[in-house]
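# Architecture at a glance
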Amino acid sequence: MMKKEVAHIRKQFKLDHDLMNIFDILNVYIMKDSNEIYHWERLPFGLVDREKQELHMGNFKKLLTGELDQKLFELKFQEEAEDPTRVLLHQGLVTGDPDEWQDLMLHLVDKMLADTRYEKDTVITFVRGQYYRPTKARNEEAEETGKDEMFAHPFILCSVNSTEQQRKTLLFDYVEREFKYNVMVDPIIKLSSPEQGFFYPSVTDNSSDVNRILYCTGRANDPDLHFIEQVLNAEKSITAQEERVYFEDIVKEVAGEELDAATLSNVYEEIYQVIETHEEEEPPTLDYKDVERVLSVSGVENVTSEKVERAFHNIIDDRYYEMKASSVMPKFTSKSIKIDTKVATISISPQDLKYVKQVNFQGRRCLMIEVDEDVMVEGFTLSTETL
């Protein structure tokens, strides 16, 4: 699943959109004390109050927001599983009977409650619907556009949202002209911050892929492994954070623990060029030969293919593993690198890392940053000292 495919689906979640139809919505309320279904309700989405529809649409869009391999994970289903969720979801996808779809989703809720205890009252929301995609790319010179020929993609979306108790407040009654103490006992459903959920089926080359599912988590690089393996019956996916750790450990084994800032900047520059010049649909990856080339042209000494291949085997236990290039480095054009010292924390972009040096001055380690302009501190211009 590509980033642009997720973005296309996400932007359809708005009211009265001509490329999105939502048929039914099922809300299930789970009590934390009993860890059981307290109440459920299924309605045709068109019969839901418009204000509630807007809140749900915002929740669905929020669920599908985030970077791939950080908050959104395309997962393969396990080949062998008892009562496989893949079959359950596919049945729910193809059935035209709302009652059957409802029973299948409630069965999935039972799987969510098994071996899991929620810390707060929780609402699990399911919707079924379909969105449309053009079957061909738009041709600017033709009278007909890709939008003239559309293909419908049925889907099921699930969102898990926790609740919170309302705060005690002091109100002023305009009619009675008095202050009143107000205690609201109804919990608030946190639709603005879904805990996790999924979108089924996934999309490959603009086509629905019923063998994969898009898992969504509310916390970056923190997927719920129990939910993935036991509820969805899917295979665990490596997060971008884990791949970055792999890359860092491989570089340390090949080049040593210490690197100067200029060399590290060159490494990030080379990987960024790999990403920018990549022309295929699938995101670019780095195997041990690619890492060898990146380190060699970046100025790391004594790099050989054998050393990098051995590092892959030692760190990942797979010498042929391919890391996503976008996962192994911070965002290149933003101040995504934090330099933490006892005195200060400095944020800098990978492309500007070459202007930073750690130097020894009069027996003391100092951080030196090359700048082109005067440095302002609280409105004052720092004087320049010549060392």
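Residues numbered from 1 in each chain as written. Predicted model: local features only at pLDDT ≥ 70, side-chain atom pairs only at ≥ 80, totals over all residues. Heavy atoms only, no water.

### Quick notes on the overall build of the protein chain
Each helix and strand in the protein chain was counted, giving 9 helices and 20 strands. Its C-alpha atoms put the protein chain at 75 × 60 × 55 Å along the principal axes. Counting every position in the protein chain, which comprises 387 residues, the buried fraction comes to 37%. For the protein chain, contacts bridging at least 24 residues in sequence account for 65% of all contacts bridging at least 6. On the protein chain, roughly 23300 Å² of surface is accessible, and the fraction owed to carbon and sulfur atoms is 47%. Charge centroids of the protein chain, computed over 46 positive and 75 negative side chains, lie 4 Å from each other. (Helix = DSSP H or I, 4+ residues; strand = E, 2+ residues; numbered from the N terminus. Buried < 20%, exposed > 50% of the residue type's maximum accessible area, 1.4 Å probe, protein only. Contact = heavy atoms within 4.5 Å. Areas by Shrake-Rupley, 256 points an atom, 1.4 Å probe, with all protein chains shown as cover. Lys, Arg positive; Asp, Glu negative; His and termini not counted. Charge placed at Lys NZ, Arg CZ, Asp CG, Glu CD.)

### A short note on helix α3 (residues 85-94)
Turning to α3, its buried residues are Thr85, Leu88, Leu89, Gly92 and Leu93. Along the long axis of α3, the arc covered by the buried residues comes to 135 degrees, so they all point the same way. Each element contacted by the buried residues of α3 is listed here: α4 (98-113), β5 (150-164), β9 (196-200), β12 (212-217) and α5 (225-231). (Arc of directions from axis to C-beta.)

### Focus on the nonpolar core
Residues Leu89, Met105, Met112, Ile124, Phe126 and Phe198 are the most contacted members of the largest nonpolar core, which totals 32 residues. Here this core takes 8 residues from α4, the largest share from any one element. Among all residues touching leucine 89, those that are not within four sequence positions of it are Phe77, Met105, Leu108, Ile156, Phe198, Tyr200 and Ile213. (Core = buried A, V, L, I, M, F, W, Y, C linked by side-chain atoms within 4.5 Å.)

### Things to note about the pairing of strand β7 (residues 178-182)
Judged from the 5 bridges that link them, strand β6 (residues 169-173) and β7 form a sheet pairing that is antiparallel. Bridge pairing links phenylalanine 172 to phenylalanine 179 in β7. Where β6 folds back onto β7 in an antiparallel hairpin, the turn is made up of 4 residues, including arginine 177, whose phi is positive at roughly 55 degrees. (Pairing = 2+ DSSP bridges.)

### So, the side chain of serine 202
Relative to the helices and strands, serine 202 resides in strand β10 (residues 202-204). Residue classification places serine 202 among the buried positions, given a relative accessible area of 0%. Within polar-contact distance, the side chain of serine 202 engages the side chain of glutamate 74 at 2.6 Å. (Polar contact = N/O pair within 3.5 Å; in protein donor to acceptor, adjacent residues only side chain to side chain.)

### Considering the packing of helix α6 (residues 240-255) against helix α9 (residues 305-316)
Relative to each other, α6 and α9 sit at 135 degrees, their axes nearing to 9 Å. The pairing of α6 with α9 is recorded here as oblique in orientation. Handedness of the α6/α9 crossing: right-handed. Facing Tyr246, Asp249, Ile250, Glu253 and Val254 of α6, the residues of α9 in contact are Lys307, Val308, Arg310, Ala311, Phe312, Asn314, Ile315 and Ile316. (Axes fitted to C-alpha atoms, helices over the stretch in contact; angles between N-to-C directions. Parallel < 35°, antiparallel > 145°, perpendicular 65-115°, else oblique. Left-handed = near helix turned anticlockwise from the far one by under 90°.)

### Quick notes on the packing of aromatic side chains
Throughout the structure, instances matching the rule amount to 13 aromatic pairs. Between phenylalanine 73 and tyrosine 215 the ring centres are 6.5 Å apart and the planes differ by 35 degrees, which places this aromatic pair in the tilted class. With phenylalanine 73 in strand β3 (residues 72-76) and tyrosine 215 in strand β12, this residue pair connects regions lying 142 residues apart in the sequence. Since its relative accessible area comes to 0%, tyrosine 215 is described here as buried. Note on tyrosine 215 and phenylalanine 227: the rings are 5.9 Å apart at their centroids and 40 degrees apart in plane angle, and the pair reads as tilted. In this pair, tyrosine 215 sits in strand β12 while phenylalanine 227 sits in helix α5, placing the two residues 12 residues apart along the sequence. In terms of burial, tyrosine 215 and phenylalanine 227 fall into one category: buried. By way of ring pairs, the aromatic residues Phe13, Phe60, Tyr131, Phe155 and Phe199 are connected into one cluster. The ring of tryptophan 101 has arginine 128 sitting right over it, with the charged end atom 5.9 Å from the ring centre. (Phe/Tyr/Trp six-rings, centres within 6.5 Å; stacked < 30°, edge-to-face > 60°. Lys NZ or Arg CZ within 6 Å of the ring centre and 35° of its normal.)

### Overview of the environment of isoleucine 9
Along the polypeptide, isoleucine 9 turns up in helix α1 (residues 3-12). Residue class for isoleucine 9 comes out buried when judged on its relative accessible area of 2%. When the C-alpha atoms of isoleucine 9 and phenylalanine 73 are compared, they prove to be 15 Å apart, with 64 residues separating the residues in sequence.

### Details of a nonpolar patch on the surface
Among the surface-exposed residues, Leu170, Phe172, Tyr174, Phe179, Tyr181, Val183 and Val185 lie close enough to one another that they form a single nonpolar patch of about 890 Å² accessible area. Contributing elements (two or more residues each) for the nonpolar patch: β6 and β7. Positionally, tyrosine 174 belongs in the loop between β6 and β7. (Patch = residues over 30% accessible without salt bridge, like charges linked within 9 Å, V, L, I, M, F, W, Y side chains within 5 Å. Salt bridge = Lys/Arg side-chain N within 4 Å of Asp/Glu carboxyl O.)

### Looking at unusual backbone geometry
Put simply, tyrosine 200 and proline 201 share a cis peptide bond, and its omega is 0 degrees. Here proline 201 shows up in the loop between β9 and β10. Although it is not a glycine, aspartate 317 adopts a positive phi angle of roughly 65 degrees. Classification of aspartate 317 as exposed rests on a relative accessible area of 60%.

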